[in-house]
Amino acid sequence: MPSSTAPDQGDDLEACVLRFSDLDLKDSSLINPSNSLKAELDVSTKKKYSFAKKKAFALFVKTKEVPAPPFECKEKWWKCCQQLFMSQTSIHRHVATQHADEICHETASVLKQLAVTLSTSKSLKSADKRNPLKEDLTHNHEVSAWLPDTSCFSPDELISGQGSDEGEVLLYYCYCDLEDPDRICAWQTALCQLLHLTGKVRIATEGINGTVGGSKLATRLYVEVMLSCPLFKNYLCKDDFKTSRGGACCFPELRVGVFEEIVPMGISPNKLSYKKSGIHLSPGEFHKEVEKFLSWANQEQSDTVLLDCRNFYESKIGRFQGCLAPDIRKFSYFPSYVDKNLELFKEKRVLMYCTGGIRCERGSAYLKAKGVCKEVFQLKGGIHKYLEEFPDGFYRGKLFVFDERYALSYNSDVVSECSYCGAPWDQYKLCSTPQCRQLVLTCPACRGQGFTACCVTCQDKGSRQAASPAQSSFKEECECTARRPRVPRELSQPERLPGGPGRVLVERGHS
């Protein structure tokens, strides 16, 4: 594997990184450059270490790609060490455990490149204090026309009210064909920077998916720009933007990028299009369908399945009554879950839902493509819109969100419990063990007794690390995920409102 990157390869490599941005790296300390290399890097570059590690990992994985057979939904498999890997998860696990030295070497190279790039960037900024992205866009009249005129507002007006009590978070998506996602990426970056918005925006040839936070003035201007943009004005309406209390403080930074999919499902849009999704039901229509479903004395004998498309740590703290909630950790596992449990959906009417509706678009298309269901429906606007209309409806508990808030509350029900004492509790905290990326449900009483880790193994590792701070590198061996199947097979009559362990591994992404 090359240790450096030629300039003309930059675009391809960056695209590679974007496609692999949700890598399942359990071992956060497996790839470490030498201490001497770390010492050479300034503080800003050290903050980019996580990105460098992912980039190095993605580069290595990309070199192992081989074409998949034409009858497979996925376009590629991977071959390494004379083994064939048919899933992204399996090749990631193999590379993480068997090729640590190669990843370490490439990470060091990427870090050095970042140091050079950072130095160059600082020089350019000192020479020109203007917004470089906005200046670049002014050369393209069509794109620059999409930036709002903020001259009548002071920077303080745009920034004030960004706190969680005064600001706002927008959640939206739009499936539509985009010919030049890179240009949209530059425009979105300039737009969000101009309005002092933070958050995450994913752009692909199939559309755009965004969650941004800032002042109410900034979010209002953002919506106005999106609704007037020629690319989206025929597809988006004001009702497509879901709002909640929050602000710029809900996100650590602004991240805008070009991806293959606007929500990572792991299947190319060329093979599974959003244009073949299920029938959209308004919150009112969905409410009536759920009411009809719940009226059955024995729901297992109903011809309807109420399917939660979210990850298990989301449905753990809130879900529709009577739902089937797959015990999966990532949406990219959803197709495998459907394949493994296809019998559950044969000759059934499937009512699907997710946070904002986006996962149901292609999730319903995948289920429809299997040709076993009577009908496939999806909740338009997702749980977010349903709760705006029916805060005391059939959805109980909190709504998980992918930002610093973790959850939104619309009713007082608590449907989960403390993982240590079993008391009702639904407020996630990060595991107290450094380098563990898991969330844990542990009540104040248990936290006060020192139960702050996600499991006994992590609690023990945290104690050992506290006793020997110098030994900060260790391989994560967490019981929470080791004992759970990645893609579960349901029983012939699956238990509704599943409980499960009170600790979860979270992947920060889009709903």
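Cut-offs applied
- Residues numbered from 1 in each chain as written.
- Predicted model: local features only at pLDDT ≥ 70, side-chain atom pairs only at ≥ 80, totals over all residues.
- Heavy atoms only, no water.
- Buried < 20%, exposed > 50% of the residue type's maximum accessible area, 1.4 Å probe, protein only.
- Helix = DSSP H or I, 4+ residues; strand = E, 2+ residues; numbered from the N terminus.
- Pairing = 2+ DSSP bridges.
- Axes fitted to C-alpha atoms, helices over the stretch in contact; angles between N-to-C directions.
- Polar contact = N/O pair within 3.5 Å; in protein donor to acceptor, adjacent residues only side chain to side chain.
- pLDDT = per-residue confidence, 0-100.
- Contact = heavy atoms within 4.5 Å.
- Parallel < 35°, antiparallel > 145°, perpendicular 65-115°, else oblique.
- Left-handed = near helix turned anticlockwise from the far one by under 90°.
- Nonpolar A, V, L, I, M, F, W, Y, C, P; charged D, E, K, R; others polar.

## Looking at the pairing of strand β4 (residues 167-175)
Here is step 1 of the chain: The buried fraction of β4 is high, at nine of nine residues.
Here is step 2 of the chain: Taking every second residue as pointing to the same face, both faces of β4 are buried, with Gly167, Val169, Leu171, Tyr173 and Tyr175 on one and Glu168, Leu170, Tyr172 and Cys174 on the other.
Here is step 3 of the chain: Two elements, β4 and strand β7 (residues 242-246), share five bridges in a ladder whose sense is antiparallel. Residue Leu171 lies in a different strand from β7, and its bridge partner there is Lys242.
Here is step 4 of the chain: Pairing of β4 with strand β6 (residues 207-214), which is carried by eight bridges, proceeds in the antiparallel orientation. Across the sheet, Leu170 pairs through a bridge with Val212, a residue of β6.

## Comments concerning the sheet that holds strand β10 (residues 304-308)
Here is step 1 of the chain: Pairing in this open sheet of four strands is parallel, and the strands run β9-β13-β12-β10 from one edge to the other. Edge strands, defined here as strands with exactly one partner in the open sheet, are β9 (279-281) and β10. Between one strand and the next, the sheet's axes are offset by a mean angle of 25°, whatever the strand orientation.

## Some details on the environment of Thr355
Here is step 1 of the chain: Mapped onto the elements, Thr355 comes out in the loop between β12 (349-353) and α15 (358-369).
Here is step 2 of the chain: Between the C-alpha atom of Thr355 and that of Val401, which follows or precedes it by 46 residues, the distance is 7.9 Å.

## A look at the side chain of Asn209
Here is step 1 of the chain: Here Asn209 is to be found in strand β6.
Here is step 2 of the chain: On the basis of relative accessibility, which here comes to 1%, the residue Asn209 falls in the buried class.
Here is step 3 of the chain: A polar side-chain atom of Asn209 sits 3.0 Å from the main-chain carbonyl oxygen of Ile262.

## Observations regarding the confidence of the model for the protein
Detailed reading of the predicted coordinates is not advisable wherever pLDDT falls low.
Here is step 1 of the chain: Mean pLDDT over the protein: 80, with 74% of residues reaching 70 or higher.
Here is step 2 of the chain: In this model, residues 1-44 is a region of pLDDT below 50 whose contacts with residues beyond four sequence positions or in other chains number 97 contacts.

## With respect to unusual backbone geometry
Apart from glycine, the bulk of residues carry a negative phi angle, and the bulk of peptide bonds sit in the trans form.
Here is step 1 of the chain: The phi angle at Glu347 is positive, at roughly 55°, despite the residue not being glycine.
Here is step 2 of the chain: Within the secondary structure, Glu347 is located in the loop between α14 (334-340) and β12.
Here is step 3 of the chain: A residue is classified by how much of its surface remains accessible, and Glu347, at 54% relative accessible area, is exposed.
Here is step 4 of the chain: Even without a glycine there, the phi angle at Tyr406 is positive, about 70°.
Here is step 5 of the chain: Along the chain, the position of Tyr406 falls in the loop between β15 (399-400) and β16 (407-408).
Here is step 6 of the chain: Judged by its relative accessible area of 13%, Tyr406 falls in the buried class.

## Comments concerning the packing of helix α4 (residues 49-62) against helix α5 (residues 88-98)
Here is step 1 of the chain: Contact geometry for α4 and α5: axes closest at 11 Å, N-to-C directions at 115°. Between α4 and α5, the angle is such that the two are roughly perpendicular. You can see that α4 and α5 cross each other, and the crossing is right-handed. Between α4 and α5, the contacting residues are Phe57, Phe60 and Val61 on the first element and Ile91, His92, Val95 and Ala96 on the second.
Here is step 2 of the chain: Classifying every residue of the contact of α4 with α5 by side-chain character gives six nonpolar, one polar and no charged.

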